[in-house]
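Notes for the structure review
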Amino acid sequence: MNEKMAITSAPVAVIGAGTMGIGIAQVAAAAGHRVKLFDIALPAASRALEQLGQRLRKRVEAGKADAHSTETLLGHIQLASSLSDLADCSLVIEAVAEKLAIKQSLFRDLEAICSTDTLFASNTSSLSITAIASALQHPQRMAGLHFFNPAPLMKLVEIVGGLETSPETLSNLQTLAQHWGKHSVVCRSTPGFIVNRVARPFYGETLRALEEQIADPATLDAVLRDAGGFAMGPLQLTDLIGQDVNYAVTESVYHAFYQDSRFTPSLVQQELVAAGHLGRKSGRGFYRYGSDQVAPSATFASAVTADMPQSVTLHGDWSAIGEFAQLLTGNAAAIKHPGQTSPFAQIDEVTFMLTNGKTASQVAEEIGSPVVLFDLSVNYQHASVIAISSAEQNTVPHTAKVIRLLQSLGKQVIHLPDYPGLLVMRTVAMLANEALDVVNKGVANAADTDDAMRFGVNYPQGPLAWGSKLGWQQILTTLENLQRYYAEPRYRPMPLLRRYAANYSGAKC
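What you see is a predicted model; the values in this text were computed from it and never measured.

The next subject is empty space enclosed by the protein. What the rule picks out here adds up to four cavities of 30 Å³ or more. The volume enclosed by the largest cavity comes to roughly 110 Å³. Around the largest cavity sit 15 residues that line it, and Arg200, Gly204, Thr250, Phe263 and Thr264 are the ones nearest its centre. Tallying contributions element by element places helix H9 (residues 200-211) first for the lining of the largest cavity, with six residues. Looking at the lining of the largest cavity, its residues break down into six nonpolar, five polar and four charged. Empty space within the second largest cavity amounts to approximately 40 Å³. As for the second largest cavity, its lining consists of Ala227, Phe324, Ser377, Tyr380, Ala383, Val385, Ile386 and Lys411.

So this is what it looks like as structure tokens:
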């Protein structure tokens, strides 16, 4: 039988009956495998299997699943009482505690039990596959198979190669992931792999804004979610993940990269963890949870009743955000002065422009006129919210006429303090910068890097696709301005970003 065909039908072992382990077992059983579930505490494995049956049968009762298919799936999973019961499995996936010594000892024991053809995979999210495999006599059979929670629902699987992992092992796991209905990406074993590395700025930039008292959590989340187009705001998401879990990943990546400031953990988040405010699971994180709690709402600019601006003229290159130009030209003529400059509008005497990492006050000082900056959005027509900041030199009527125009377009306006790079732009710039470093260092290719962020954490666009659409010069300028503002290496542009911006601003990875 063809080796790739065999692995899609052979028995699979899952070690660890926690949330991830039972989820992985469900995925394999749903694909038709006979699954052996082992946990060092057999009663824990029995309870996990019983709870899975209860959940799946409730779906049948609700008319959301087929009874025969459900019972067939459950029948494919059997409990193993010892590691020796796993001898006939062609793949063993571990989902045990994130301790290197425990994983090494486990696979060392398995190597003495299983066939030399058996593939070994770890669901680790933070440990080195190379280090785990170093305990084996045949490390070429070892790879990472990193699922995302909940494993049955999330499409992404990161297939992680260690230093000794063979190409055949990676290829077989790709075939298996496809058979399981998953979208797989392949990467090299480095801290955080793709998703947990590239995603750090998504949390980090909002946590920094919170530390700097730019706005309350609900308002900051609304900027990323309702203006930026992300599925959830970063603070909402960390509450869902668990503040302890999210903080631990950030701290792990930070130390693994030798305390690189790009990954500096947040003191605000550290305080939440210290207080036991871990998010939904504890009833309190950045938000409070419970039947008697009312979800806080974002702070929006009040409705402006002033007259509409008399003149709106668009300048520069709006091609990257053309839908916003269309919105604005519903109240104005077409672009009067197209060119290679960054997009901006002249709203009467006020300059209205896309943030580039400078404060509005800096820009106003440079050009000698009132300035309002607007933040990035994945789609300005569909977004319900737009975030802006205004120069300290502005009078109240200067800013009010811009808010009046935006409200007339059906947008809720979040008026942030004069914060450099606002929030979505600086976050996307940092995400794209990190993704480019992943590609430049050979951790993963560009397509897999973008796919990992779309399928693993549901980003509205891959950061590389987004950066390419905006133009690499826009990303570079934003980061250079942030780096000058903060005087920190946190915002340093990666070499590949400088190369793309210098060579061809519309470069695609």
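The contact between H9 and helix H11 (residues 234-241) brings their axes to 9 Å, and the two run at 110 degrees. Compared by their axis directions, H9 and H11 come out roughly perpendicular. Our pair here, H9 against H11, has a crossing hand that is left-handed. The segment H9 lies against H11, with Phe202, Tyr203, Thr206, Leu207 and Leu210 engaging Pro234, Leu235, Leu237, Thr238 and Ile241. Residues belonging to the contact of H9 with H11 are distributed by class as follows: eight nonpolar, two polar and no charged.

Looking now at the pattern of salt bridges. For the structure shown, the criterion picks out 23 salt bridges. For Asp226, the salt bridge identified is with Arg225, shortest N-O distance 2.9 Å. Residue classification places Arg225 among the partly exposed residues on the basis of a relative accessible area of 25%. Connected via shared salt-bridge partners are Arg197, Asp260, Arg262, Glu434, Asp437, Lys441 and Arg492.

Reading across the sheet, the six strands line up as S9-S10-S11-S12-S13-S14 and stay open at both edges, with mixed pairing between neighbours. One side of each edge strand has no neighbouring strand; the edge strands of this open sheet are strand S9 (312-315) and strand S14 (412-416). Direction aside, the axes of adjacent strands within the sheet are offset by 25 degrees on average. The strands touched by helix H10 (residues 217-227) are strand S13 (385-390) and S14; relative to S13, the strand with the most contacts, the crossing angle is about 125 degrees.

With that settled, consider unusual backbone geometry. With omega at 0 degrees, the peptide bond leading from Asn149 into Pro150 counts as cis. Mapped onto the elements of the fold, Pro150 is located in the loop between strand S6 (142-147) and strand S7 (156-161). Of note, Gln213 is a non-glycine position whose phi angle comes to about 60 degrees, a positive value. Along the polypeptide, Gln213 turns up in the loop between H9 and H10. Its identity as a non-glycine residue notwithstanding, Asp348 has a phi of 50 degrees, on the positive side. Mapped onto the elements of the fold, Asp348 is located in the loop between strand S10 (344-347) and strand S11 (350-354).

Let us now look at the nonpolar core. Formed by 116 residues in total, the largest nonpolar core has its most connected members in Leu110, Phe324, Phe352 and Phe374. Per-element tally for this core: the top contributor is helix H17 (residues 424-440), with 10 residues. Once residues within four sequence positions are removed from consideration, Phe352 is found in contact with Phe324, Leu328, Phe344, Ala345, Ile347, Val372, Phe374, Ile388, Val402 and Leu406.

Taken residue by residue, H11 has Pro234, Leu235, Leu237, Thr238 and Asp239 as its buried positions. Buried-residue contacts for H11 involve H9, H10, helix H12 (243-256) and helix H13 (267-275). Positive phi shows up at Gly242, right after H11, with a value of about 115 degrees.

Since the α-helix packs 3.6 residues into each turn, any two residues three or four apart lie on the same face. Measuring from the backbone nitrogen of Val268 back to the side-chain oxygen at the start of H13 gives 3.2 Å, which picks out Ser266 as the cap. Directly after H13, the chain includes Gly276, whose backbone phi takes a positive value near 80 degrees.

Rules used throughout
Throughout, a residue's number is its position along its own chain's written sequence, starting from 1. At least 70 in pLDDT is required for a residue's local features to be given in this predicted model, at least 80 for side-chain atom pairs to be given and counted, and no such filter applies to totals for whole chains, interfaces and linings, which use all residues. Note that water and hydrogens are dropped before the side-chain values are worked out from all heavy atoms of the structure. Put plainly, a pocket is an open set of points on a 1 Å grid over the protein atoms alone with protein on both sides within 12 Å along at least five of seven lines, a cavity is a set where a 1.4 Å probe fits but cannot get out, and a lining residue has an atom within 4 Å of a point. Grid points are joined across faces, edges and corners, and a volume is the space filled by probe spheres set on the points. Secondary structure elements follow DSSP: runs of H or I of four or more residues count as helices, runs of E of two or more count as strands, with numbering from the N terminus. Just so you know the grouping, Ala, Val, Leu, Ile, Met, Phe, Trp, Tyr, Cys and Pro go in nonpolar, Asp, Glu, Lys and Arg go in charged, and all remaining residues, Gly too, go in polar. Each axis is a line fitted through C-alpha atoms, and for a helix only the stretch in contact is used; angles between axes span 0 to 180 degrees, taken between their N-to-C directions. An angle below 35 degrees is read as roughly parallel, one above 145 as roughly antiparallel, one from 65 to 115 as roughly perpendicular, and any other as oblique. In this scheme, a crossing is called left-handed if the near helix is turned counterclockwise away from the far one by less than a right angle; it is called right-handed if the turn is clockwise. Contacts were defined at the residue level, with two residues in contact if any of their heavy atoms lie within 4.5 Å. What counts as a salt bridge is simple: a side-chain nitrogen of Lys or Arg found within 4 Å of a carboxyl oxygen of Asp or Glu. When accessible area is computed with a 1.4 Å probe and restricted to protein chains, residues below 20% of their type maximum are described as buried, those above 50% as exposed, and intermediate ones as partly exposed. At least two DSSP bridges between two strands are required for those strands to pair. In these notes, a set of buried Ala, Val, Leu, Ile, Met, Phe, Trp, Tyr and Cys residues joined through side-chain atoms within 4.5 Å is what counts as a nonpolar core. We define a polar contact as two N or O atoms separated by no more than 3.5 Å, with the added condition that, inside protein, one atom must be a possible hydrogen donor and the other a possible acceptor, whereas residues neighbouring each other in sequence contribute only through side-chain atom pairs.

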